[in-house]
Amino acid sequence: MEPSWLEMRWARPLYLAFVFCLALGLLQLYLRRQRLLRDLCPFPAPPTHWFYGHQKLLQDGEMEKLEELVGKYPCAFPCWVGPFQVFFYIYDPDYAKAFLSRTGKKRDESREPILLGGILSLEGPKWFQHRHLLTPGFNFNILKSYVEVMAHSVNTMLDKWEKICGPQDTIVEVFEHITLMTLDILMKCVLSQETNCQTSSTHDLYVKATFEASKIIFHRLYNFLHHLDIIFKFSPQGHRLQEMVKILHQYTEKIIQDRKKLLKNEKKYGNTQKRKYQDFLDIILSAQAENDNNFSDTDLQSEVNTFMLAGQDTMAGGISWLLYHLALNPEHQERCREEIRGILGDGSSITWDQLGEMSYTTMCIKESLRLAPPVPSISRELSKPITFPDGRSLPAGITVVLSIWGLHHNPAIWENPKVFDPSRFSQENSDQRHPHSFLPFSAGPRNCIGQQFAMIELKVAIALILLRFKVSPDPTRPLVFLPQIVLKPKNGVYLHLKKLP
């Protein structure tokens, strides 16, 4: 009888080595779990499954469940993703202040070729350098020139709505229209590209790729097996994400290379064209020319992709949620309309100075951003231990998730947090509130560099929409949020649109 392979002289050392490595690996995982349990002991948590953790608790994105946890666990709670990984959720203003004032390691949410890269994922001196180089692209003189561009794109969308609705009250799924409108604005303001994306299907693939990539990345975060790069890379979702990223990068890369060729030809033949406004790509190309050694083509593409993708997704959501909230609250909608008519008249033109006069409309915008922040959370891995104001602390290496949704719905901060109440943002009420209670654009050194651009676009869009349409909800299809990296509607945003005389 032949001996088994284990009885062979050469096999035993390999077998023993394998068993030893396996035992060592399991021991390390066990010690990691015990260390996490010890470090998180001061923070109560919801009941957890020993293997899945809280994976099924928040994976489906039930915002009501998160709101329950916010009410039950003051300040923070640890959320286990599998047996060895923890996301530490915070939603208290003092905790948020302590967290945002720190420099930490931005969590790499895709671990794939950069989808949202640039200053969103950079650290240390390179992040500071990029932030410094890009800031001039958002000064007031640049932003003023965008108001007319935004108004043109919004009116293009409203002309479509008039053709769809006619004289009748018509139900329209507005999120798709608003997504294309925000893409149109970004193509013009970021890249000076005149497109027909609102009236043709040329860019549908780009929009769909953005949505699908965001969805895959979000679900990867809450599947602890997919945290292992080797498993995710060879999974169907990993392959699909690679395809989506390739589509997105090819799209922006072509635009960048075309602009470079144009500028090269202009310089060669001395026929520089004077543009109506300086776009974001102009700013970045100027930065690259002045800092060639420190600003590569990869850096250039990453920054363009960041502002195209982050800007489109967040603004499409922000405008849609605002319109939906005003549809649910007709008294506030009418008050905004009266204010806007008093400032703009028939809306044939709109200027920078007029936007600053829309005080009540601005309060409604902020209340909508409170109820439905376009980016529901941000995360960062602690590079150093942190101690919170109540004395509890966390060690380095923990991933902290600032739940902006939880913060904005925290009943300890906001009375009746589910009620749409613009008066929360009167000057008097704002002055009495903790400055870190309202963070739709984050805060601290890494706050949103494009927040002024976003507020301008929100004001221009809502002003022109309310001058031409009355909106009301479709009670048969209420809005259901689907939280991903950016908040999305699960089944669209359906509204009754009625053309105003």
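Since we're looking at a predicted model, the values are computed, not measured. (Residues numbered from 1 in each chain as written. Predicted model: local features only at pLDDT ≥ 70, side-chain atom pairs only at ≥ 80, totals over all residues. Heavy atoms only, no water.)

Scanning the protein from N- to C-terminus turns up 19 helices and 12 strands. Taking contacts inside the protein between residues at least 6 apart in sequence as the whole, the part at least 24 apart equals 74%. Of the roughly 24,400 Å² that the protein leaves accessible, carbon and sulfur atoms contribute 56%. (Helix = DSSP H or I, 4+ residues; strand = E, 2+ residues; numbered from the N terminus. Contact = heavy atoms within 4.5 Å. Areas by Shrake-Rupley, 256 points an atom, 1.4 Å probe, with all protein chains shown as cover.)

What follows deals with the UniProt feature "transmembrane region" (unreviewed entry) in the protein. UniProt's feature table lists "transmembrane region" (unreviewed entry) at residues 12–31, given in the numbering used throughout. In residues 12–31, the share of helix is 100% and the share of strand is 0%. The end C-alpha atoms are 28 Å apart. (UniProt positions renumbered as here; feature names shortened; annotations may be inferred.)

Before going further, it helps to examine the packing of helix α13 (residues 297–328) against helix α19 (residues 451–468). Relative orientation of the contacting elements α13 and α19 amounts to 40°, with a least axis distance of 10 Å. By the angle between their axes, α13 is oblique relative to α19. Handedness of the crossing formed by α13 with α19: right-handed. Residues Met315, Gly318, Ile319, Leu322, Leu323 and Leu326 of α13 pack against Ala454, Glu457, Leu458, Ala461, Ile462, Ile465 and Leu466 of α19. When the residues that make up the contact of α13 with α19 are grouped by side-chain class, the tally is 11 nonpolar, one polar and one charged. (Axes fitted to C-alpha atoms, helices over the stretch in contact; angles between N-to-C directions. Parallel < 35°, antiparallel > 145°, perpendicular 65-115°, else oblique. Left-handed = near helix turned anticlockwise from the far one by under 90°. Nonpolar A, V, L, I, M, F, W, Y, C, P; charged D, E, K, R; others polar.)

Moving on to the side chain of Asp282. Note on placement: Asp282 falls in helix α12 (residues 280–290). For Asp282, the side chain forms a polar contact with the side chain of Arg259, separated by 2.9 Å. (Polar contact = N/O pair within 3.5 Å; in protein donor to acceptor, adjacent residues only side chain to side chain.)

Here the protein averages 86 in pLDDT, while 89% of its residues score no lower than 70. Across the protein, helix α16 (residues 359–371) holds the top mean pLDDT of 98, while strand β3 (residues 105–106) sits lowest at 54. Segment residues 107–114: pLDDT under 50, and 28 contacts once partners within four positions in sequence are set aside and those in other chains are kept. (pLDDT = per-residue confidence, 0-100.)

Glancing now at the UniProt feature "binding site: heme" (unreviewed entry) in the protein. Residues annotated by UniProt as "binding site: heme" (unreviewed entry) correspond here to Cys448. Checked against the element boundaries, Cys448 lands in the loop between α18 (427–431) and α19. For Cys448, a relative accessible area of 32% puts it in the partly exposed group. (Buried < 20%, exposed > 50% of the residue type's maximum accessible area, 1.4 Å probe, protein only.)

Let us look at the environment of Asn155. Note that Asn155 resides in helix α7 (residues 146–165). Asn155 gets classed as partly exposed once you look at its relative accessible area, which sits at 23%. Asn155 sits 309 residues away from Leu464 along the chain, and the two C-alpha atoms are 7.3 Å apart. Excluding anything up to four places from it in sequence, Asn155 contacts Leu464 and Arg468.

The next subject is the sheet that holds strand β9 (residues 469–473). What links the strands of a sheet is backbone hydrogen bonding, and the strands pair in either a parallel or an antiparallel sense. The antiparallel open sheet is built from three strands, whose spatial order is β4-β12-β9. Each edge of the open sheet carries a strand with a single partner, namely β4 (170–173) and β9. Averaged over all adjacent pairs, the angle separating strand axes in this sheet is 40°, with direction ignored. As paired elements, β4 and strand β12 (residues 494–499) share four bridges and run antiparallel to each other. Looking at the pairing, Glu173 lines up with Tyr494 of β12. (Pairing = 2+ DSSP bridges.)

With that out of the way, let us pick up the nonpolar core. In this structure, Trp161, Leu394 and Val460 are the most contacted members of the largest nonpolar core, which totals 146 residues. Among the elements that line this core, the one with the most residues is α13, at 14 residues. Other than its neighbours up to four places away in sequence, Trp161 contacts Val174, His177, Ile178, Leu323, Ile465, Phe469 and Leu497. (Core = buried A, V, L, I, M, F, W, Y, C linked by side-chain atoms within 4.5 Å.)

Turning next to the packing of aromatic side chains. By the definition in use, this model includes 17 aromatic pairs. The interplanar angle of 70° and the centroid separation of 5.5 Å between the aromatic rings of Trp405 and Phe481 together place this pair among those described as edge-to-face. Of this pair, Trp405 sits in helix α17 (residues 404–408) while Phe481 sits in strand β10 (residues 481–483); the two residues are 76 residues apart in sequence, bridging distant segments of the chain. Of the two residues, Trp405 and Phe481, neither departs from the other in class, the shared state being buried. An aromatic cluster is built from Phe43, Phe88, Tyr95 and Phe388, whose rings are joined through pairwise contacts. Over the face of the ring belonging to Trp80 we find Arg33, whose NZ or CZ atom lies 4.9 Å from the ring centre. The residue whose ring lies beneath Arg380 is Phe99, and the NZ or CZ to ring-centre distance is 5.2 Å. (Phe/Tyr/Trp six-rings, centres within 6.5 Å; stacked < 30°, edge-to-face > 60°. Lys NZ or Arg CZ within 6 Å of the ring centre and 35° of its normal.)

Moving on, we come to α12. Taking burial as the measure, the 11 residues of α12 include eight buried ones, the bulk of the element. All of the buried residues in α12 are Phe280, Leu281, Asp282, Ile283, Ile284, Leu285, Ala287 and Gln288. N-cap assignment for α12: the residue whose side-chain oxygen lies 3.1 Å from the backbone N of Leu281 is Asp279.

Take the side chain of Thr252 next. Residue placement: Thr252 occurs in helix α11 (residues 236–269). Of the polar contacts made by the side chain of Thr252, one reaches the backbone oxygen of His249; its length is 3.3 Å. In contact with Thr252, not counting residues within four places along its chain, are Gln301, Val304, Asn305 and Met308.

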